[in-house]
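Architecture and fold: a report
Chain by chain, the residues:
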Amino acid sequence: MSEIRDDVRYTENHEWVQLDGTTAKVGITDYAQDSLGEIVYVELPEVEDQFSQGDEVASIESVKAAAPVYAPMGGRIVRVNKKLEDSPELLNEAPFKNPIYTLEVDDPDEYAELMDSDAYADFLKERE
Amino acid sequence: MHGQKLIFEQSVSGRRGYLFPRCDVPVQETDLPDSLLRVETTGLPELSEVEVIRHYQNLGRRNFCVDVGFYPLGSCTMKYNPKVNEQVASLEGFLDLHPLQDEQTLQGMLQIIHRLTGDLCEITGMTWGTLQSMAGAHGEYTGMKLFRAYFASRGESSRTRLIVPSSSHGTNPASAHLSGFEVVEVPADKRGLVTLDVLKPYLDDRLAGIMLTNPNTLGLYEVEVAEIAREIHRVGGLLYYDGANMNAIMGASRPGDMGFDVIHLNLHKTFSTPHGGGGPGSGPVLVSKRMVPFLPVPDVVLQKGSYAFDWNRPESIGKISGFYGNIGICIRALTYIMVMGSDGLAEASRMAVLNANYLMERLKGTFHLPYNRRCMHECVFSAERIKADTGVTALDVAKALIDRNIHPPTIYFPLIVQEALMIEPTETESRETLDRFIEAMEDIHRLAYEDPSQLKSAPLRTEVGRVDDVAAARNPRVCFCG
């Protein structure tokens, strides 16, 4: 079973988001890293880039596939996780401890639209 | 590498394959500026002739190709390449041609270009085309340039959105993006098909068009294609057909009749020219009537009984290759078409579909078949179930097939199927070969439950065992640093 944490929210594209005031950390879920297989490369956005909800922000390559990471909420990039450039395997090892980027969000209310852990667990169950 | 050293590692300083006599004429000074003259040696390996021959012969013996065994690599149409193609392409009159010859001395070759273009148009229902593009993705890029030229000629450059379904080939969104279009991905439905419904939100004056592969990468025929074409055209958009899967439908249905405006074919797939090991490929682009003015130059035309290049195409997108395409490949493809005839091509597609359905029906009790409906030329299984039960993945299944002298199917593609195993047998395989493949797959399935560790370390019978693809991707070493 994939790990699901209670203190973050989720998208249908298997990103997790943790909102603190108006900043949001974004990463990929345990289910996402397991489906992708061993991750070999992460393409990060630039700090100050501006995105709308649903825009493609980053991309992840594994030995199987390349997958886009979308913006779960609109906002401006304030931090990117540079460690992933040299150690992409961190996303496999600890997906929830390694956010890919941090957003200064435009509208904190968008957070409520995302799935909570129960809804995401149901969403995963439906896919099986 | 195991067993055999790189040719650079075999180099011995001063060793030569040939000894040239001392130069007995004065050395001419060159007009080239000093900055362009080499001062250091090239660093090429130094070996005798027999060492070079043995090196490459031994590497060649490890090669797996369709002449050695079954090669069911999905979406690649690894059919047998008849040797008559090679014989014709090796005729002396072709071998010694040069692309800069005067066209009066190239009449036979020009006739081949003209005739092959015409034959491909007849097979696909298109109006005219070019043979210049070197492979599928080059064809797609050319097609996207044609889209742009068409919209520019109508003052509609604001059409920037291009729809690409999730079941399309990976090169489609890449080609669209590289050509400056905004890619809109739409999902396939539960049957694995594109429906008009998912396109509706995008049917407006920003739409440039859609790129479709039919049959799609699940090997399924897009049953709503006629309605999709009608609606895209109604709002002023264009349709691009990726011909990678054309081997399923020759003589049965034609992209031109479905309503496509621009298509590419892969001669190295459907038309039995070499594929794998670098081909080289060939990806002719064919178009409907309204797109003809924009085709690349030069066109080859027949005027008063002789063939000529026509460069006078003011609306053309220009040239897309140095000369006229991979001409040797075009000779092979025309040979194939003429040997097969129209009935033979239709029969080839029918047999390709039959073979794929035979494999699908025989294996679907063993491997999970996510989209369980009549397939065309290929079918896509999933190893998700055995992965959950035993830990054996699609990759392990693929590696175990290598031990059984079978080339693995395409794995982990299309992306909409988890642990995908995409199998395309082609028409050139016998019932016995297909049965042997089925037995191998069933044997691997049984081992997954009885002795998964054996599969995890496959292949065991090859000179090079399981390679570490993760390390190779994370820390690639692509050059020899002696």
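About the criteria used
- Residues numbered from 1 in each chain as written.
- Chains lettered and ligands numbered in written order.
- Predicted model: local features only at pLDDT ≥ 70, side-chain atom pairs only at ≥ 80, totals over all residues.
- Helix = DSSP H or I, 4+ residues; strand = E, 2+ residues; numbered from the N terminus.
- Buried ≥ 20, exposed ≤ 12 C-beta atoms within 10 Å, placed from the backbone.
- Contact = placed C-beta atoms within 7 Å.
- Nonpolar A, V, L, I, M, F, W, Y, C, P; charged D, E, K, R; others polar.
- Pairing = 2+ DSSP bridges.
- Axes fitted to C-alpha atoms, helices over the stretch in contact; angles between N-to-C directions.
- Arc of directions from axis to C-beta.
- Parallel < 35°, antiparallel > 145°, perpendicular 65-115°, else oblique.
- Left-handed = near helix turned anticlockwise from the far one by under 90°.
- Domains from an automatic or database assignment.

**Points about the overall build of chain B**
- On a plain count of helices and strands, chain B comes out with 16 helices and 12 strands.
- Oriented by its inertia axes, the alpha-carbon framework of chain B measures out at about 80 × 70 × 45 Å.
- For chain B, the residues scored as buried account for 40% of the 482 residues in total.
- Within chain B, counting contacts between residues at least 6 apart in sequence, those at least 24 apart form 72% of the total.

**Some remarks on the interface of chain A and chain B**
- Contact with chain A, which involves 6 residues of that partner, is made by 7 residues of chain B.
- A per-class count over the side of chain A that touches chain B returns 3 nonpolar, 1 polar and 2 charged.

**Comments concerning the sheet that holds strand β4 (residues 39-43) of chain A**
Residue and element names in this part refer to chain A.
- Read across the sheet, 3 strands follow the order β4-β6-β7 without closing on themselves; strand pairing throughout is antiparallel. The open sheet has two edge strands, β4 and β7 (66-70), and neither has a second partner. This sheet shows a mean twist of 25 degrees between the axes of neighbouring strands, independent of strand direction.
- Bridge analysis of strand β6 (residues 56-62) against β7 gives 5 bridges, and the strand direction is antiparallel. Within β7, the residue paired with Glu61 across the bridge is Ala66.

**Some words on helix α8 (residues 225-234) of chain B**
All names here are of chain B.
- Considered for burial, the residues of α8 that qualify are Val225, Ile228, Ala229 and Ile232. All buried residues of α8 project into a common sector of 100 degrees when viewed along the axis, lining one side. The exposed residues of α8 that point more than 90 degrees off its buried face are Ala226, Arg230 and Arg234.
- Trailing α8 by a residue or two, Gly236 shows a phi angle of about 90 degrees, which is positive.

**Here's the deal with the packing of helix α5 (residues 136-153) of chain B against helix α6 (residues 171-178) of chain B**
Residues and elements named next belong to chain B.
- Their axes nearest at 9 Å, the elements α5 and α6 cross at an angle of 40 degrees. Judged on the interaxial angle alone, α6 and α5 are oblique. The hand of the α5/α6 crossing is right-handed. Mapping the contact onto sequence places Gly136, Ala137, Glu140, Tyr141 and Met144 in α5 and Thr171, Asn172, Ser175, Ala176 and Leu178 in α6.
- Looking at the contact of α5 with α6, its residues break down into 5 nonpolar, 4 polar and 1 charged.

**A few points about the environment of Pro296 of chain B**
- In this fold, Pro296 of chain B is placed in the loop between β7 (285-287) and β8 (299-303).
- Residue contacts for Pro296 of chain B: discarding those within four places in its chain leaves Thr130, Gln132, Thr142, Ser316, Ile317, Gly318, Lys319 and Ile320 of chain B.

**Overview of the domain arrangement of chain B**
All names here are of chain B.
- For chain B, the assigned domains read domain 1 (84-339) and domain 2 (343-474).
- Between domain 1 and domain 2, the C-alpha centre-to-centre distance is 30 Å.
- Between domain 1 and domain 2, the residue contacts involve 20 residues of the former and 17 residues of the latter.
- Its residues assigned to classes, the side of domain 1 that touches domain 2 comprises 11 nonpolar, 8 polar and 1 charged.

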